[in-house]
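Here is what each chain is made of, one letter per residue.
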Amino acid sequence: MKPEWKEWAQEAKAEFPKANSALLPLLHRIQRAEGWLAPETLSDVAELLNLPVQYVESVASFYSLYFKQPVGKKVVHVCVGLSCMLAGSDELMHRLEEKLGVSQGQTTPDGAYTLLEAECLAACDLAPVAQVNLRYKGPVPPEKADELLKEEVSS
Amino acid sequence: MSQTFYLLRNREVPQIGHMDVYREHGGYDALKKSLAEFEPEQLVDLVKRSGLRGRGGAGFPTGVKWGFLPKDGRPRYLVVNSDEAEPGTFKDRELIENNPHQLIEGMIISSYAIGAGQAYVYCRGEFLKGSEELARAVKEAYAAGFLGENILGSGFSLDIFVYRGAGAYICGEESALLESLEGRRGNPRLKPPFPAVAGLYGMPTIVNNVETITNVPAIVTHGAEWYTSMGTEKSPGLKIMSVSGKVNRPGNYEIPLATPLRTLIEEYAGGMQEGRSIKCVIPGGSSVPLLMPDKLDTPLDYESVLQAGSMLGSGGCIVLDDTVCIVRAAARLVKFYREESCGKCTPCREGTYWMTDVLDRIEAGAGNEADLDMLLDIADNMNGKCFCPLGDASLGFMVSAIKHFRDEFEAHVREHRCPLGAKVYDTVNY
Ligand SMILES: Cc1cc2nc3c(=O)[nH]c(=O)nc-3n(C[C@H](O)[C@H](O)[C@H](O)COP(=O)(O)O)c2cc1C
Ligand code: SF4
Ligand code: FES
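Residues numbered from 1 in each chain as written. Chains lettered and ligands numbered in written order. Predicted model: local features only at pLDDT ≥ 70, side-chain atom pairs only at ≥ 80, totals over all residues. Heavy atoms only, no water.

Trainee: So what's going on with helix H4 (residues 53-62) of chain A? Which residues, and what values?
Mentor: Residue and element names in this part refer to chain A. Residues of H4 that are buried include every one of Val56, Val59, Ala60 and Phe62, and no others. Looking straight down H4, one finds that the buried residues subtend no more than 160° of arc, so they occupy a single side. Looking at the buried residues of H4, the elements they touch are helix H2 (23-34) and helix H3 (39-49). (Buried < 20%, exposed > 50% of the residue type's maximum accessible area, 1.4 Å probe, protein only. Helix = DSSP H or I, 4+ residues; strand = E, 2+ residues; numbered from the N terminus. Arc of directions from axis to C-beta. Contact = heavy atoms within 4.5 Å.)

Trainee: Could you give an account of the sheet that holds strand E5 (residues 238-245) of chain B, with specific residues and numbers?
Mentor: Residue and element names in this part refer to chain B. Ordered by their spatial adjacency, four strands build an open sheet running E6-E5-E8-E7, and the pairing between neighbours is mixed. Edge strands, defined here as strands with exactly one partner in the open sheet, are strand E6 (251-256) and strand E7 (278-282). Here the strands of the sheet are splayed against their neighbours by 30° on average, with no regard to which way each runs. In this structure, E5 lies alongside strand E8 (residues 316-321), joined through four bridges in parallel fashion. Looking across to E8, one finds that Ser242 is bridged to Gly316. Contacts between helix H5 (residues 91-98) and the sheet are confined to E5 and E6, with E5 contributing the most and set at about 110° to the helix. Helix H11 (residues 261-268) rests against E5, E6, E7 and E8 of the sheet, and its axis sits at about 135° to E6. (Pairing = 2+ DSSP bridges. Axes fitted to C-alpha atoms, helices over the stretch in contact; angles between N-to-C directions.)

Trainee: Could you give an account of the interface of chain A and chain B, with specific residues and numbers?
Mentor: How big an interface is tends to be stated in terms of the accessible area lost upon association of its parts. Facing the 49 residues of chain A at the interface are 62 residues of chain B. Contact between chain A and chain B buries roughly 4,300 Å² in total, counting both sides, with carbon and sulfur atoms accounting for 58%. Looking only at chain A, the three residues that lose the most surface to chain B are A:Phe62, A:Leu82 and A:Leu86, adding up to 16% of its buried area. Remark: the boundary between chain A and chain B carries seven salt bridges. We note a salt bridge from A:Arg135 to B:Glu132, for which the minimum N-O separation is 3.0 Å. (Buried area = accessible area lost by both parts, 1.4 Å probe. Salt bridge = Lys/Arg side-chain N within 4 Å of Asp/Glu carboxyl O.)

Trainee: Which residues make up the nonpolar core, and what are the values?
Mentor: Grouped together as the largest cluster of nonpolar side chains are 91 residues, with contacts concentrated most on A:Tyr63, B:Leu320, B:Ile326 and B:Phe397. If you tally residues by element for this core, the top one is helix H13 (residues 326-340) of chain B, at nine residues. Beyond its immediate sequence surroundings of up to four residues, B:Leu320 is in contact with A:Leu82, A:Leu86, B:Ser277, B:Ile278, B:Lys279, B:Cys280, B:Ile326, B:Ala329 and B:Phe397. By size, the runner-up hydrophobic cluster in this structure holds 74 residues, among which are A:Ala123, B:Tyr22, B:Ile108 and B:Ala196. (Core = buried A, V, L, I, M, F, W, Y, C linked by side-chain atoms within 4.5 Å.)

What follows is the structure in structure tokens.
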């Protein structure tokens, strides 16, 4: 457990004191710092919020944006929703897989990128759209796959 | 033509998301007017008279919903639904990223009207920027005295909290949203009781969509008659439509309700791209049946779209052009519901899985004669038998696609391939 987590837990509980409302915000904050939520992290969170570990695991596993495995420095979500599909998202994904040498759902061996499918990102006006560390990038036509990978992202 | 009527009227104003710029454009005047000139019940009555209907999908009259709150002295909550994840819909994203104060002003007025002392915005997990913008704007609103204790000396106090989900479409369903807001898995609750009676933390709660609440300051400023002067008697006012697909100008367009679908596509969105024609249109987000081109003159109001065989829903208008394979489109949409099914009930969890499998195999040329009827049979076994509306929502497009394009499904089976060559993206064949 990192020393600052205690403070973060207090802050989350102060803002959301009722029920277990502090749980999701705390998981977000820790994941943002750590990149992912290791099993030990989940038990630390359980301890900090005085919840059963199984409960925290069960909640964390419900939501697709909590990573239960290590991810790359840049997490690239490619939207494969219908509007993005019409604009070439499958081809974009295909090219990214080729360039990174991994399939969607995987992380590059150097730990630089994780490539993931996303459902409609509510940005179909930017189709085909992607998010890098949850920052919107779009439109990203397949020909611009390279540029997407090179883009700087704020955390 | 990027015509904007009201909620989007300031979309081009630089820094409209900041307090000083928002106020230079009349921001928070509606709040001052509400607190100075209206008793809470008068505001509920105003919203009732405006005929405003929920913009989250179901179109339930907002003032009527507000009137359902029991008068028993328990604390009440307002929860704004910014989970926007219905494929094809992207209006709430623009509203919160671009003009967060407009929503916050609406939340303060609405909370005053319904007597809530705390209000929450639930943003989908992917709305990192949107939630940051909201959090920043909420801070500004506290500093300006529009939030906190005794707002503008009115005696009314309110706190607003910004909460972010973590990737789950089902959390847009209001009871699943409340579960998630209470720090649990986003499984829907059994209804009744409805949130107005037992909602967040068991207390009376109003859940409204972002766009719904954003309409409230406009109605306070211009009056119920102004609102009912647009649209139809049953569907008055303004609606933001999100248009995507192979149109020249995909984007959000604010229309008076009952504007024809054709006008939306041809004038607002600039018509189809060179060389494309319309195959069919999904008018209200992925959960609604498709409309064929002969329905393009349908006025976009709740009743007319229903009569035409679909629903206005969330206003996510996806235009499919003549190069799109209908099987592929159906497979993609049903896969969405498979991914997003919360798994609580069997018909939805298993049905969406099966349908995706069967659709994929038809698209791949490996389907057989019996597959089409199997799809309809699965749909029949799900329809009305799922715990929440997500299961049924997975059927609308697919069933209508089989009805209108049965030939195209059968051709896939007969020719053992996609007759359109899945030529979805122009530059590549793969
Ligand atoms: C599966 C499912 C997903 C939904 N997603 C959303 C959503 O993202 N945003 C929204 O406002 N309403 C959504 N709704 C509708 C909400 O349950 C609720 O009716 C709505 O937020 C009420 O607000 P309104 O009356 O202002 O429309 C969804 C419903 C279902 C069944
Ligand atoms: S219909 Fe689907 S999303 Fe709704 S409760 Fe059942 S499994 Fe969950
Ligand atoms: S389909 Fe990709 S953002 Fe909507």
